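Now for the letters of each chain:
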Amino acid sequence: MKILVPVDGSEPALDAVRYALHLQRAGLQANFVLATVQEPVYLYEMVLAPDTEVLQRVSGAVGSRALEGAEALFKEAGVPFEREIGSGDPAQTLIEIAGRYGCEAIILGARGMGALRSALLGSVSQAVLHASKVPVTIVKHDAADFAH
């Protein structure tokens, strides 16, 4: 079984990583793909406003930083993983990455936004949940305790 674990460097995303590792320690035999999605860089950004953030997005540095915490947890646990940095709409890109890697499940963190804000703005976790053809586990930040 291969599982996609999307991360963005946030604590809720790291909760999903901890949960995935918890499942692995409990006996789940799985391979993991850590993925992050960056906003696309547009040509006019590079030409008109080549600031540090734009240049880092072009080089993949922002994506690599988003993966650092998750990679450290996997390395500390001695669990191998693959990594992917995508660009575009986060939910759709994550669904595409899951398909490309042949993932059979997705585990992702939820920021725990209130119902009204989530309904107005939408969320990556909700969009992935609704669009995914594979099972999705959403780990709530305020309920996570998978350190051991």
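Residues numbered from 1 in each chain as written. Predicted model: local features only at pLDDT ≥ 70, side-chain atom pairs only at ≥ 80, totals over all residues. Heavy atoms only, no water.

Q: Could you clarify how one ought to interpret the sheet that holds strand β5 (residues 136–140) in this entry?
A: Sheet strands line up and pair through hydrogen bonds in the backbone, either parallel or antiparallel. Pairing is parallel in the open sheet, where five strands are placed in the order β3-β2-β1-β4-β5. If you trace the sheet from one side to the other, it starts and ends with β3 (81–87) and β5, each paired once. Pairwise comparison of adjacent strand axes, ignoring direction, gives a mean angle of 25° for this sheet. In terms of strand pairing, strand β4 (residues 105–110) meets β5 through five bridges, oriented parallel. Following the sheet pairing, leucine 108 is matched in β5 by isoleucine 138. Contacts from helix α1 (residues 11–25) reach β1 (2–6), β2 (31–38), β4 and β5 within the one sheet, and its direction differs from that of β4 by about 140°. (Pairing = 2+ DSSP bridges. Helix = DSSP H or I, 4+ residues; strand = E, 2+ residues; numbered from the N terminus. Axes fitted to C-alpha atoms, helices over the stretch in contact; angles between N-to-C directions. Contact = heavy atoms within 4.5 Å.)

Q: Looking at this structure, I do not really get the pattern of salt bridges. What am I missing?
A: A side chain with one charge may pair with a side chain of the opposite charge, provided their charged atoms come close. The final tally for this structure, using the stated rule, is five salt bridges. Note that lysine 2 and glutamate 82 form a salt bridge whose closest N and O atoms lie 2.8 Å from each other. With lysine 2 in strand β1 and glutamate 82 in strand β3, this pair connects stretches of sequence that are 80 residues apart. Residue lysine 2 is classed as buried on the basis of its relative accessible area of 18%. Overall, glutamate 82 belongs to the partly exposed group, its relative accessible area being 33%. Among the salt bridges present, the one from arginine 18 reaches aspartate 15, with a minimum N-O distance of 3.1 Å. Within this pair, arginine 18 and its partner aspartate 15 are both found in helix α1, separated by three residues, close to a single helical turn. Judged by its relative accessible area of 22%, arginine 18 falls in the partly exposed class. Each of Glu11, Asp15 and Arg18 takes part in a single network of salt bridges with overlapping partners. (Salt bridge = Lys/Arg side-chain N within 4 Å of Asp/Glu carboxyl O. Buried < 20%, exposed > 50% of the residue type's maximum accessible area, 1.4 Å probe, protein only.)

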